[in-house]
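What follows is the residue order along each chain.
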Amino acid sequence: MASVVTASSIPAHVPPEMVRDFSLFTAPGMAPTPNGDPQAATACVHAGPPVFYSPMNTRDGKGTWVVTRARDQRRVLQDPETFSSHRSIFASALGESWPMIPLELDPPEHGAFRSLLNPLLSPKRVMALEPAVRERAAFLIDRIAAAGTDCDVMKAFALPFAVNIFLRFLGLPDDRLEEFVSWANNLLHGDNVQRPVAARTIIAFIEDLAAQRRRQPVDDFMSFLVQAKVNDRSLTDLEVRGTGVLLFVAGLDTVAAAIGFDLAYLARNPQDQKLLRDEPGRIVLATEELLRAYPTVQMIRVATRDVDFDGAPIRKGDYVSCATMIANRDPEEFSNPDVVDLGREDNRHTAFAYGPHRCLGSHLARREIVIGLEEWLKRIPAFGIKAGTAPIAYGGHVFGIENLILDWS
Amino acid sequence: MRIIVHRDKCQGHARCWSMAPEIFTLDDEGYIVPGDLDIAPGDEKMAWRGAKSCPERALEIAE
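Novice: Would you mind going over the overall build of chain A with me for this structure?
Specialist: Scanning chain A for helices and strands turns up 15 helices and 15 strands. Across the 409 residues that make up chain A, the buried fraction comes to 48%. Restricting to contacts in chain A with at least 6 residues of sequence separation, those with at least 24 account for 69%.

Structure, rendered in structure tokens:
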């Protein structure tokens, strides 16, 4: 993955003194690391300038400007006219160009799709989904507790939990769960052969589902989508595809990773674990702090015009990275940002980004994490990392954790 | 106490609503309903916490 940074990979308009040898892919602590803490490892940038240029800071090795301060990330993400999100991230894996919707649309086009989808994932709608989410968490954790006194949390709980909620939202049965997980894994973490194969598989799945629901609508998300109107017209096939794909890639890995990082933190911090177990009313607030400390994504925008950003000569077409884990450790925004304080109240973290593209699924994600932690602490006694094992955490495109073996024997 | 609602800045995080659902009202899409808020003396602490929780700085506290 790492390769040598050469002068030729740095555009001529970038002043050499603004280049830093830091990237979410290659910096120390970003590669898969036993007992690693990749989010904490990003905090080192706060010793440096507010904006710098990272020559290799995307999965395909492109350079980006890196905006480190929370205040400045707000300026970027609240200004989609200057900093567009139209990047065709998914389609580019296939050498194509079409947007994931609504993420990769810009206003005003974005607003119509967002208004269409917002009610489906609003805070009130999520309240209605809650009993099913809780039932699923309880089912999975009871099964784990009955099976023994240790488990691989990602495989036995976090992934099947997040994927089940997603399948339920789409109106699909649970029997394809493992297949879905492998698609998502290959897409997000696969190599240059696995990624396009997974992308094509997901597209075929979504288009097949859309066709079925067009023929015979039921009460589910895809039926809603194929019957929906934006600006008094039906969605095109490419729009249905773009929306379905975004839902697929956004909803699976991220929630599971968050639950993994959170349980790893509690396994390593028995006092905090005991506090939340004894006083579960604290879990809602604690979840916000864990979202601050362990977010998993970086937002990348494309400059639509030349702009001077506090001395950084950003040119049209440049990538601008707003990494959530970096802003969430900004000492100007958070007191003692490197300390995880589960009672932290003043906590305007950016785990779900800022601006019009604020994570559409944030309300559901939050509740999945809260409910996951509540049910886990209710059902599993004091737990730690299993002796002789080491969870492997990594940075990159989407931060994650694997081989998280918890033990409560 | 009065809270000035900058509706154009609201992006639907709903952090204010989760802190104080009786004070901050959301529309069907999950964004705050337009209009500034006059806060009763007994509600000031919760209103303050809700306003201070907005990631977008859409809620301004005016004494």
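Text resumes after the structure shown.
Novice: Got a minute to help me understand the interface of chain B and chain A in this structure?
Specialist: Interfaces are often described in size by the accessible area the parts lose on coming together. Taken together, the 15 residues of chain B in the interface contact 16 residues of chain A. Of the residues that constitute the side of chain B that touches chain A, the class distribution is five nonpolar, five polar and five charged.

Novice: Teacher, can you tell me more about the sheet that holds strand 4 (residues 83-84) of chain A here?
Specialist: Residue and element names in this part refer to chain A. On the basis of which strands lie adjacent, the open sheet formed by five strands has the order 2-3-11-8-4 and mixed pairing. Of all the strands in the sheet, just strand 2 (51-54) and strand 4 have a single pairing partner and so form its edges. Sheet analysis places strand 8 (residues 298-303) next to strand 11 (residues 319-323), joined by five bridges and oriented antiparallel. Bridge pairing in strand 11 places valine 302 opposite tyrosine 319.

Novice: Where do I start with the nonpolar core in this structure?
Specialist: Counting 117 residues, the largest nonpolar core has A:Trp65, A:Ala158, A:Ala162, A:Ala256, A:Leu263 and A:Val320 as the members making the most contacts within it. Per-element accounting of this core gives the leading share, 11 residues, to helix 6 (residues 153-170) of chain A. Within the second largest apolar cluster, 15 residues are counted, among which are B:Cys10, B:Trp17, B:Cys54 and B:Leu59.

Novice: When you look at the environment of A:Leu120 in this model, what are you seeing that I'm missing?
Specialist: All names here are of chain A. By the secondary structure assignment, leucine 120 is in the loop between helix 4 (109-117) and helix 5 (123-147). A sequence separation of 240 residues divides leucine 120 from leucine 360, and the C-alpha atoms of the two residues are 9.4 Å apart. In contact with leucine 120, other than residues within four places in its own chain, are Arg125 and Phe221.

Novice: What am I meant to see in the environment of A:Ile385 here?
Specialist: All names here are of chain A. Following the sequence through the fold, isoleucine 385 ends up in strand 12 (residues 384-385). A residue is classified by how many C-beta atoms lie within 10 Å of it, and isoleucine 385, with 18 of them, is partly exposed. In sequence terms isoleucine 385 and tyrosine 265 are 120 residues apart; their C-alpha atoms lie 9.8 Å from each other. If we skip the residues at most four places from it in the chain, isoleucine 385 touches Ala267, Arg268, Pro391, Ile405 and Leu406.

Novice: Just to check I follow, could you spell out the packing of helix 13 (residues 283-293) of chain A against helix 15 (residues 362-379) of chain A for this structure?
Specialist: Residue and element names in this part refer to chain A. It is the contact of helix 13 with helix 15, at a shortest axis distance of 10 Å, that shows an interaxial angle of 120°. When the interaxial angle is binned, helix 13 and helix 15 end up oblique. As helix 13 packs across helix 15, the resulting crossing turns out to be right-handed. Together, Ile283, Val284 and Thr287 of helix 13 and Arg366, Ile369, Val370, Leu373 and Glu374 of helix 15 make up the contact between the two elements.

Novice: What is the right way to look at the confidence of the model for chain B in this model?
Specialist: In regions of low pLDDT, the predicted coordinates are not meant to be interpreted in detail. Residue and element names in this part refer to chain B. The pLDDT averaged across chain B works out to 95; a share of 100% of its residues lies at or above 70. Highest mean pLDDT in chain B belongs to strand 1 (residues 2-5) (97); lowest belongs to helix 1 (residues 15-19) (92). Across the predicted assembly, pTM comes out at 0.94 and ipTM at 0.93.

Novice: What's the story with helix 13 of chain A in this structure? I'm lost.
Specialist: Structurally, the α-helix is built with 3.6 residues per turn, so residues lying three or four positions apart point the same way. All names here are of chain A. Among the 11 residues of helix 13, nine are classified as buried, and the element is accordingly described as predominantly covered. Every buried residue of helix 13 is accounted for by Ile283, Ala286, Thr287, Glu288, Glu289, Leu290, Leu291, Arg292 and Ala293. Against the buried residues of helix 13 lie helix 1 (38-41), helix 11 (253-268), helix 12 (270-278) and helix 15.

Novice: Honestly, the confidence of the model for chain A in this entry has me stumped. Any pointers?
Specialist: Summing up the model confidence of chain A, the mean pLDDT is 93 and the portion of residues at 70 or higher is 98%. Counting interchain partners and residues more than four positions distant, the pLDDT-below-50 stretch residues 1-7 of chain A has five contacts.

Novice: Just to check I follow, could you spell out the sheet that holds strand 12 of chain A for this structure?
Specialist: The strands making up a sheet associate through hydrogen bonds between their backbones, and the pairing can be parallel or antiparallel. Residues and elements named next belong to chain A. Pairing in this open sheet of three strands is antiparallel, and the strands run 5-15-12 from one edge to the other. The sheet is open, and its two edges are formed by strand 5 (150-152) and strand 12, each paired on a single side. Direction of pairing for strand 5 relative to strand 15 (residues 405-407): antiparallel, over a ladder of three bridges. Across the sheet, the residue bridging to aspartate 152 is isoleucine 405, located in strand 15.

Procedures and definitions
Residues numbered from 1 in each chain as written. Chains lettered and ligands numbered in written order. Predicted model: local features only at pLDDT ≥ 70, side-chain atom pairs only at ≥ 80, totals over all residues. Helix = DSSP H or I, 4+ residues; strand = E, 2+ residues; numbered from the N terminus. Buried ≥ 20, exposed ≤ 12 C-beta atoms within 10 Å, placed from the backbone. Contact = placed C-beta atoms within 7 Å. Nonpolar A, V, L, I, M, F, W, Y, C, P; charged D, E, K, R; others polar. Pairing = 2+ DSSP bridges. Core = buried A, V, L, I, M, F, W, Y, C linked by C-beta atoms within 7 Å. Axes fitted to C-alpha atoms, helices over the stretch in contact; angles between N-to-C directions. Parallel < 35°, antiparallel > 145°, perpendicular 65-115°, else oblique. Left-handed = near helix turned anticlockwise from the far one by under 90°. pLDDT = per-residue confidence, 0-100.

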